[in-house]
Amino acid sequence: MDGGFYLLVVIGLVSLGVVNSVHGQGTRVGFYSSTCPRAESIVRSTVQSHLNSDLTLAAGLLRMHFHDCFVQGCDGSVLISGNNTEKSAVPNLALRGFEVIDDAKTQLEAACPNVVSCADILALAARDSVVLSGGVSWQVPTGRRDGVVSRESDVELPGPDDSVDLQKQKFAALGLDTKDLVTLVGGHTIGTTSCGLLSSRLYNFNGRNGPDPTIDPSFLPQLQALCPQNGGAPSKRVPLDNGSQTKFDTSYFNNVKKGRGILQSDQALWTDPSTKALVQRYSLGLTFNVDFGNSMVKMSNIGVKTGSEGEIRKKCSAFN
């Protein structure tokens, strides 16, 4: 994720979708089993078709789901095109895969008009992207409705330079705990980030006119070669999981242990005592895939609209 993720009991309940059942029926696995039985298979085949042409889109779709859920809840608001929308916010400018969602929506509208929400398509596509990149599947609860608000000014995502404490605050505000934080940031096992987000870490860390001392000294020249100090290419891409950027696995955690975490927020997970044990556990391959699915379900129920709330968009990039 080109960025990175949010103790009040009430907030926690809303985040987990518990309170949503008061207003609607809530999300559940198999929500479309009678109204659009082929919904999940249509999304899966669409994602597979696009990934067959470009496997790097998997990381884009996973990241897009994160960025959607962290602003206004998981309601497809990040998909809306136009000026001053979430999509136009700086942290979202590098998001990729919108055409996959649009393609799936077109096919679903032909099969089951006005039934499947864009928010659900995105949640399903994120899961399918992980599976098609070598990860383990999980059941995705569906029944979300699409939001009717998308504002650039609402976008405040976890940042690449955030301390662990700040990351934990942002996750906790949305009902996610420290385990969810480490698990979900493990999504950085696929995808890339930009040299622009690395520059200060490589050359002027905390204004010291030198690199971040937590970077593995044998890895530093490789990063500096990819992102030269005066290279004039801040948009050049760097793999977030060195050596394994298109495979969903646990090598990301091994890289973090070795001082090869790419973002400052990644590397901090190993140096902070509150997250180090989980990084160690996942680096050994223990329970990460199962935990990732569980945390994804938890995240995907943040602030969902259900029942009569929101709408079912006819086109994912525009309100009805």
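Cut-offs applied
Residues numbered from 1 in each chain as written. Predicted model: local features only at pLDDT ≥ 70, side-chain atom pairs only at ≥ 80, totals over all residues. Heavy atoms only, no water. Helix = DSSP H or I, 4+ residues; strand = E, 2+ residues; numbered from the N terminus. Rg over C-alpha atoms; globule rule 2.2 N^0.38 Å. Buried < 20%, exposed > 50% of the residue type's maximum accessible area, 1.4 Å probe, protein only. Areas by Shrake-Rupley, 256 points an atom, 1.4 Å probe, with all protein chains shown as cover. Lys, Arg positive; Asp, Glu negative; His and termini not counted. Charge placed at Lys NZ, Arg CZ, Asp CG, Glu CD. Axes fitted to C-alpha atoms, helices over the stretch in contact; angles between N-to-C directions. Parallel < 35°, antiparallel > 145°, perpendicular 65-115°, else oblique. Left-handed = near helix turned anticlockwise from the far one by under 90°. Contact = heavy atoms within 4.5 Å. Nonpolar A, V, L, I, M, F, W, Y, C, P; charged D, E, K, R; others polar. Disulfide = S-S within 2.5 Å. Core = buried A, V, L, I, M, F, W, Y, C linked by side-chain atoms within 4.5 Å. Salt bridge = Lys/Arg side-chain N within 4 Å of Asp/Glu carboxyl O. Domains from an automatic or database assignment. Buried area = accessible area lost by both parts, 1.4 Å probe. Polar contact = N/O pair within 3.5 Å; in protein donor to acceptor, adjacent residues only side chain to side chain.

Comments concerning the overall build of the protein chain
(1) Moving on: When you go through the protein chain residue by residue, the secondary structure sums to 14 helices and two strands.
(2) Moving on: Here the C-alpha radius of gyration of the protein chain, 19 Å, is about what a compact globule of 320 residues would show, namely 20 Å.
(3) Moving on: The principal-axis extent of the C-alpha atoms belonging to the protein chain is close to 60 × 40 × 35 Å.
(4) Moving on: Buried positions account for 55% of the 320 residues belonging to the protein chain.
(5) Moving on: Of the roughly 12,900 Å² of accessible surface on the protein chain, a fraction of 54% belongs to carbon and sulfur atoms.
(6) Moving on: The averaged location of the 30 negative side-chain charges in the protein chain is 3 Å from the averaged location of its 29 positive side-chain charges.

Here we look at the packing of helix α4 (residues 57–69) against helix α6 (residues 118–132)
(1) Moving on: Where α4 meets α6, the closest approach of the two axes is 8 Å, and the angle between their N-to-C directions is 140°. Relative to α6, the element α4 lies oblique. Note on packing geometry: the crossing formed by α4 with α6 is left-handed. Residues Ala 58, Leu 61, Leu 62, Met 64, His 65 and Asp 68 of α4 form the contact with α6, whose own contacting residues are Leu 122, Ala 123, Ala 125, Ala 126, Ser 129 and Val 130.
(2) Moving on: For the contact of α4 with α6, the per-class residue count stands at nine nonpolar, two polar and one charged.

Considerations on the state of the cysteines
(1) Moving on: One pass over the full model with this rule turns up four disulfides.
(2) Moving on: A sulfur-sulfur distance of 2.0 Å marks the disulfide that ties Cys 69 to Cys 74. Across the S-S bond of Cys 69 and Cys 74 the torsion is about 120°, and the bridge reads as right-handed. Assigned by exposure class, Cys 69 and Cys 74 land together as buried.
(3) Moving on: Here Cys 118 is linked by a disulfide to Cys 316, with a sulfur-sulfur distance of 2.1 Å.

Details of the nonpolar core
(1) Moving on: Core analysis: the biggest nonpolar cluster contains 68 residues, and Leu 62, Met 64, Leu 79, Ile 101, Phe 292, Met 296 and Met 299 have the highest contact counts within it.
(2) Moving on: If you look at the next biggest cluster of nonpolar residues, it comprises 13 residues, including Tyr 203, Phe 219, Leu 220 and Leu 240.

Remarks on the pattern of salt bridges
(1) Moving on: Considering all chains together, one arrives at 14 salt bridges under this definition.
(2) Moving on: When the shortest N-O distance is used, the salt bridge between Asp 162 and Lys 170 registers 2.9 Å.
(3) Moving on: Residue Asp 291 is joined to Lys 179 by a salt bridge in which the shortest nitrogen-to-oxygen separation is 3.6 Å. One end of the pair, Asp 291, is in helix α14 (residues 288–299); the other, Lys 179, is in helix α8 (residues 178–185), and 112 residues separate them in sequence.
(4) Moving on: One network of salt bridges, in which partners are shared, links Glu 40, Arg 127 and Asp 128.

A word on the environment of Lys 247
(1) Moving on: Mapped onto the fold, Lys 247 is located in the loop between β2 (237–239) and α11 (251–257).
(2) Moving on: Lys 247 sits 179 residues away from Asp 68 along the chain, and the two C-alpha atoms are 23 Å apart.
(3) Moving on: Every residue in contact with Lys 247, bar those within four places of it in the chain, is listed here: Ser 133, Thr 189 and Ile 190.

Regarding the side chain of Asp 162
(1) Moving on: Checked against the element boundaries, Asp 162 lands in the loop between α6 and α7 (164–172).
(2) Moving on: For Asp 162, a relative accessible area of 10% translates into the label buried.
(3) Moving on: In this structure Asp 162 touches Gln 167, Lys 170 and Ser 265, once residues within four positions along its chain are discounted.

A short note on the domain arrangement of the protein chain
(1) Moving on: With domains assigned, the protein chain is organised as domain 1 (38–154) and domain 2 (164–299).
(2) Moving on: The distance between the C-alpha centroids of domain 1 and domain 2 comes to 23 Å.
(3) Moving on: Residue-level contacts link 21 residues of domain 1 with 20 residues of domain 2.
(4) Moving on: Together, the buried faces of domain 1 and domain 2 total about 1,600 Å²; carbon and sulfur atoms form 75% of this surface.
(5) Moving on: By the criterion of area lost to domain 2, the three top residues of domain 1 are Arg 63, Phe 70 and Trp 138, representing 33% of everything that side buries.
(6) Moving on: Applying the counting criterion to the domain 1 and domain 2 interface returns three residue pairs in polar contact (both at pLDDT 80 or more).
(7) Moving on: Elements with a contribution of two residues or more to the side of domain 1 that touches domain 2: α4 and α6.
(8) Moving on: With seven residues, α4 is the largest single contributor of residues to the side of domain 1 that touches domain 2.
(9) Moving on: Tallied by class, the residues present in the side of domain 1 that touches domain 2 amount to 14 nonpolar, six polar and one charged.

Remarks on unusual backbone geometry
(1) Moving on: In this structure, Asn 206 takes a positive phi of about 50° despite not being glycine.
(2) Moving on: Of note, Asn 206 is situated in the loop between α9 (199–203) and α10 (220–226).
(3) Moving on: On the basis of relative accessibility, which here comes to 56%, the residue Asn 206 falls in the exposed class.
(4) Moving on: With a phi close to 55°, Asn 209 is a non-glycine residue in the positive phi region.
(5) Moving on: Relative to the helices and strands, Asn 209 resides in the loop between α9 and α10.

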